[in-house]
Amino acid sequence: MMRILCTVATYPKAPLMYAATWDALHAQGIPDGVELSIVRIESPDIAIDGRQDILSKHLLSRQMVIDGNYDALWSVEADMILPNDALAKLLQVDAGVVYGLYLARSTGMWICFPQLAERGTQSITANPKAAVSAWGNVIDSQGAGMGCTLIRRSVFDSVSFRLGSPQFHDDWTFAQDCIAAGIAQKHHCGVICGHILNEKMALWPDKNSGAAFRRYDPGNYRMI
């Protein structure tokens, strides 16, 4: 039996997450031989800044995987809409870290970087032909993001979560540390996730709508 721990790093203050995220997790088609546990990771009572808050949640998730002898961590953010086969598809990929595909809310770019560096990094959407070619496929990647990300237990033998440069969150540093450790990272560009903007709108990748690949989805995204 493969045991997967899914953790959702909630918002620091109530309401903590979107109902669509929680519903999508509980609607997952679980492959035979897989056991999925879903846990919300909430903020500590003490007030800490945003980067420290999310770092503490990722560190706790990592420790739960190690202490609980899980085979992998599936990180899902509190504002993601997942396809029902997200976990099944991620598990099919032979890599230490496998990312689903979603957009940055601020820019509309895909959170998928063929090369990751502190300067000069560009999303794959900077090359529209490459992005169209990647659509639906599994491609080599250097990260980043923890919105819909499967991390094999063996990765945590050599890589943890930490903060690096002030302008980046710990997901960026984690991806860089995986590169340095020689850990394979891939994007499954067939695990298409919505990124909720607010209670009435979500943003989805779309290969047919121009260089930024933006597609808005009006809806009712209740927070819980």
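Quick caveat: nothing in here was measured; it's all calculated off a predicted structure.

Peer 1: Just give me the short version of the pairing of strand β1 (residues 2–9), but keep the residues and values in it.
Peer 2: Across the 8 residues that make up β1, a large majority, 6, are buried. In this sheet, strand β2 (residues 34–41) lies alongside β1 in parallel orientation, the contact comprising 8 bridges. Note on β2: the bridge partner recorded for Ile4 is Leu36. Crossover connection from β1 via helix α1 (residues 19–26) to parallel β2: handedness right-handed. Bridging between β1 and strand β3 (residues 72–77) involves 6 bridges; their strand directions are parallel. Counterpart to Cys6 in the pairing with β3 is Trp74.

Peer 1: Which residues make up the environment of Pro218, and what values do they have?
Peer 2: Within the secondary structure layout, Pro218 lies in strand β11 (residues 214–218). With relative accessibility at 61%, the residue Pro218 sits in the exposed group. Every residue in contact with Pro218, bar those within four places of it in the chain, is listed here: Lys200 and Met201.

Peer 1: Give a detailed account of the sheet that holds β2, specifying residues and quantitative values.
Peer 2: Spatially, the 7 strands line up as an open sheet ordered β2-β1-β3-β7-β5-β8-β6, and their pairing is mixed. At either end of the open sheet lies a strand with only one pairing partner, and these are β2 and β6 (138–140). Strand-to-strand twist across the sheet, computed as the mean angle between neighbouring axes with direction ignored, equals 20°. Taken together, the 3 bridges between strand β5 (residues 97–101) and strand β7 (residues 148–152) define a ladder with antiparallel strand orientation. Residue pairing for β7: Tyr99 is matched across the bridge by Thr149. Together, β1, β2 and β3 form the strand contacts of helix α2 (residues 50–67), whose direction differs from that of β1 by roughly 165°.

Quick notes on the rules
Residues numbered from 1 in each chain as written. Predicted model: local features only at pLDDT ≥ 70, side-chain atom pairs only at ≥ 80, totals over all residues. Heavy atoms only, no water. Buried < 20%, exposed > 50% of the residue type's maximum accessible area, 1.4 Å probe, protein only. Helix = DSSP H or I, 4+ residues; strand = E, 2+ residues; numbered from the N terminus. Pairing = 2+ DSSP bridges. Right-handed = clockwise from strand over helix to strand, strands pointing away. Contact = heavy atoms within 4.5 Å. Axes fitted to C-alpha atoms, helices over the stretch in contact; angles between N-to-C directions.

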